[in-house]
Amino acid sequence: MTEGTVAERLVEALHLRGTRRIYGVPGGGSSLDLIAAAEALGMTFVLARTENAAVMMAATDADMTGTPGAALTTKGPGLAQAMNGLAHAALDRSPVVLVTDGFSETLASYVTHQVFDQAAMSAPVVKGHSRLDGDAPGDEIERLLDLALAPTQGPVHVELTGVAARRPAAPGLAASGSGSPGLPELAEAHDLLSKARRPVVVLGLETRATGVSDAVRRFVDALGCPALTTYKAKGVVPEDHPARVGLFTGGAAEAPTVEQADLVVLVGLDPVELILQPWRYDIPVLDIATVPHRPHYVEAEAGVYGPLGPALDALAARNRAGAWEAGEIAALRDAMHAGLCFPARGSLDPKRIVEHAAGVFGETSRATVDAGAHMLSAMAFWPAQRPCDVQISNGLASMAYALPAGIAAALAEPERPVLAFTGRRRADDVRRRAGDGGAVWRRRDRDRLQRRRAQPDRSQAAATGDEDRRGALAVLGFRGGGPGLRRGGLAGGRRPRTTRPPSVAARATKGPGTDRRGGRSLGLCRPAQGIEGLARCSRDHPSRSAERRARAPCMKSVVSLPASTKCMPSSM
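Predicted model, so just to flag it, every value in this text is computed and none were measured.

Draft legend 1. A look at the overall build of the chain. From N to C terminus, the chain includes 21 helices and 19 strands. Burial statistics for the chain: of 572 residues in total, 58% are counted as buried. At a minimum sequence separation of 6, the contacts of the chain that also span at least 24 residues come to 76%. Here the chain has roughly 22100 Å² of accessible surface; of this, 51% comes from carbon and sulfur atoms.

Draft legend 2. Here's a closer look at the confidence of the model for the chain. Across the chain, the average pLDDT comes to 79, with 72% of residues at or above 70. Within the model, pLDDT remains below 50 along residues 426-446, and this stretch shows 70 contacts once partners closer than five positions in the same chain are excluded. Taken as a whole, residues 562-572 scores under 50 in pLDDT and shows 39 contacts with residues more than four places along the chain or in a different chain.

Draft legend 3. Seen up close, unusual backbone geometry. Cis peptide bonds are those with omega within 30 degrees of zero, and the linkage from Pro151 to Thr152 qualifies with -10 degrees. Within the secondary structure layout, Thr152 lies in the loop between helix 7 (137-149) and strand 7 (156-159). Going from Arg294 to Pro295, the amide bond is cis rather than trans, its omega being -5 degrees. Here Pro295 shows up in the loop between strand 13 (285-289) and strand 14 (302-305). A positive phi angle, near 65 degrees, is found at Gln114, a position not held by glycine. Its place among the elements puts Gln114 in the loop between helix 5 (105-108) and helix 6 (118-122).

Draft legend 4. Fine view of the packing of aromatic side chains. If you walk through the whole model with that rule in mind, you get three aromatic pairs. Considering the side-chain rings of Trp382 and Phe421, the 5.8 Å spacing of their centres and the 75 degrees angle between planes classify their relative orientation as edge-to-face. With Trp382 in the loop between helix 15 (374-381) and strand 16 (390-392) and Phe421 in strand 17 (residues 418-422), this pair connects stretches of sequence that are 39 residues apart. On the basis of relative accessibility, which here comes to 1%, the residue Trp382 falls in the buried class. Given a relative accessible area of 0%, Phe421 falls into the buried group. Each residue in the set Phe248, Trp279 and Tyr281 is aromatic and connected to the rest through ring pairs, giving one cluster. Here Arg198 stacks its cationic end above the ring of Trp324, 3.8 Å away from the centre of that ring.

Draft legend 5. View of helix 4 (residues 77-91). The terminal C-alpha atoms of helix 4 lie 22 Å apart, and with 15 residues this matches the ideal 21 Å at 1.5 Å per residue to within 8%. Taken residue by residue, helix 4 has Gly78, Leu79, Ala82, Met83, Gly85, Leu86, Ala87, His88, Ala89 and Ala90 as its buried positions. Of the surrounding elements, those touching the buried residues of helix 4 are helix 3 (51-65), strand 4 (69-73), strand 5 (96-100), helix 6 and strand 7.

Draft legend 6. Expanded view of the packing of helix 3 against helix 4. As a packed pair, helix 3 and helix 4 sit with axes 7 Å apart at the nearest point and diverge in direction by 30 degrees. Relative to helix 4, the element helix 3 is oriented roughly parallel. Regarding helix 3 and helix 4, the two cross each other, and that crossing is right-handed. When helix 3 is examined against helix 4, the residues Glu51, Asn52, Val55, Met56 and Ala59 are found in contact with a partner set consisting of Gly78, Gln81, Ala82, Asn84, Gly85, Leu86, His88 and Ala89.

Draft legend 7. Focus on the pattern of salt bridges. This model, assessed by the stated rule, comprises 23 salt bridges. Between Arg218 and Asp313 there is a salt bridge, with its nearest N and O atoms 3.0 Å apart. Of this pair, Arg218 sits in helix 10 (residues 212-223) while Asp313 sits in helix 12 (residues 308-317), placing them 95 residues apart in sequence. Note on Asp313: relative accessible area 29%, which makes it partly exposed. In this structure, the salt-bridge partner of Arg416 is Asp389, at a minimum N-O distance of 2.7 Å. Highlighted residues: Arg416 in the loop between helix 16 (402-412) and strand 17 and Asp389 in the loop between helix 15 and strand 16, separated in sequence by 27 residues. Each member of the pair Arg416 and Asp389 is classed as buried. Linked through salt bridges whose partners overlap, the residues forming this network are Arg366, Arg386, Asp389, Glu413 and Arg416.

Procedures and definitions
- Residues numbered from 1 in each chain as written.
- Predicted model: local features only at pLDDT ≥ 70, side-chain atom pairs only at ≥ 80, totals over all residues.
- Heavy atoms only, no water.
- Helix = DSSP H or I, 4+ residues; strand = E, 2+ residues; numbered from the N terminus.
- Buried < 20%, exposed > 50% of the residue type's maximum accessible area, 1.4 Å probe, protein only.
- Contact = heavy atoms within 4.5 Å.
- Areas by Shrake-Rupley, 256 points an atom, 1.4 Å probe, with all protein chains shown as cover.
- pLDDT = per-residue confidence, 0-100.
- Phe/Tyr/Trp six-rings, centres within 6.5 Å; stacked < 30°, edge-to-face > 60°.
- Lys NZ or Arg CZ within 6 Å of the ring centre and 35° of its normal.
- Expected span 1.5 Å × (residues − 1).
- Axes fitted to C-alpha atoms, helices over the stretch in contact; angles between N-to-C directions.
- Parallel < 35°, antiparallel > 145°, perpendicular 65-115°, else oblique.
- Left-handed = near helix turned anticlockwise from the far one by under 90°.
- Salt bridge = Lys/Arg side-chain N within 4 Å of Asp/Glu carboxyl O.

Written out as structure tokens, the structure is:
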């Protein structure tokens with residue numbers, strides 16, 4: 001490689017690790033250098049509404065692709081606004097590189113405007129920080145990327161001034177690995193598994209990694225036992241797998257399953273995934289993870305720490321199936337499913353909404369979910385068949401997540417439609433907010449993203465020869481206010497009589513036949529019609545030109561559901 005600038009070396013190192021998009025709200029200093037370097041390599045820069053949203057997009061991109069996510073902001077208020085996104089990346093274990101501008105030594109000698117200790121601000125939530133102003137910035141870049149990707153994964157912060165970004169720099173030397181690590185000691189784990197007749201497996205976020213999910217399924221099949229997943233691991237064992245019972249949060253819903261076990265096998269579970277309740281089971285625990293996690297809810301009888309795939313295959317090969325019957329597992333699954341349903345009592349049932357939406361959008365679709373009561377139904381009843389089919393902020397449980405995550409998901413895999421579940425907002429407000437409280441999106445910014453920044457992923461288009469790649473994103477909001485849809489449910493019913501905004505409305509991007517505000521309104525309709533219209537709007541609309549279809553994953557449509565759609569099951 002020829003010598004380039006520090007900015008070019010940083011972007012080049014990200015590109016070599018598989019990063020294809022950078023999200024952000026640029027300012028001065030190093031921002032334009034980074035964007036130019038990315039475009040020179042065929043990477044896409046995605047302009048976000050806020051710095052928080054940009055980092056959440058980068059974190060979601062990292063979760064789905066297994067490569068470092070990248071975001072950039074300006075200095076001062078840019079970093080301050082990004083802190084919630086950094087906290088999400090830290091607690092949801094997403095490898096993200098956040099590049100902010102900084103103050104040069106000359107400026108820092110007399111300027112106080114926007115000045116604070118940026119390294120100190122990010123320190124509690126990042127794994128590492130660097131200004132890349134040393135003698136070997138290329139090596140420092142490689143060290144930071146290795147750090148972000150090493151267990152436990154998380155964000156790193158690069159404070160890059162314009163002066164430092166334009167310094168010449170040689171490529172860094174990637175850390176030389178010592179080969180594949182050997183298997184950890186398995187004797188104690190074998191002993192526990194061989195004695196257990198009714199084990200239960202609990203799968204956590206580390207099982208989503210490429211190549212690990214296949215080993216997980218082989219392990220579960222070998223044990224012949226029930227499998228529970230955390231929110232982040234949903235889909236690692238497919239929804240229709242005979243061993244899958246449901247979700248594990250540390251709450252009451254999974255207790256009937258776990259209480260029948262004589263061994264709990266935690267696989268890739270990070271304690272950050274569990275709710276704020278003490279461990280409730282007096283049952284031996286085997287902990288299988290990439291690294292020991294401290295503090296933990298439970299002290300394990302034995303631990304196996306290292307690469308998950310080889311360890312699981314070794315344990316599966318030498319273990320015999322337990323005493324669980326298929327009918328027992330099916331009965332536990334049905335009981336958990338029933339316990340998570342909210343009695344409708346004439347109201348619209350959130351379970352039916354989620355399942356109907358999943359059926360309309362199809363088995364290749366993906367869901368993103370905001371914090372709030374609605375997440376209980378969305379997470380329980382959305383059918384996930386693959387890792388990362390459902391994305392949620394779990395460790396931080398942040399609001400304002402579903403929409404940025406949905407945008408990133410649609411960019412990462414444009415062929416897969418995405419449905420974002422949000423909280424209580426009117427139909428008009430859902431377009432401006434993501435979740436129960438965070439304003440992160442406005443109509444003009446959606447249009448700006450569509451027009452300017454979210455071009456087709458050039459690297460993907462070049463690889464496939466398809467210049468018409470785009471993502472499809474729709475938003476489904478459980479809202480408050482309005483008269484509700486108490487009659488008819490999904491199959492039909494009378495239209496609510498109200499002068500307020502429609503109880504269920506879907507809007508698409510501009511095109512012939514739109515209303516005066518630029519949306520193609522599906523008007524006042526039954527929930528099923530609204531959801532089906534939502535799916536239609538999120539696909540190719542005949543009024544959209546090839547040029548428009550090649551652009552953004554923008555927010556294609558919105559459905560808002562009424563206050564009578566209650567989302568909190570009695571068993572939670």
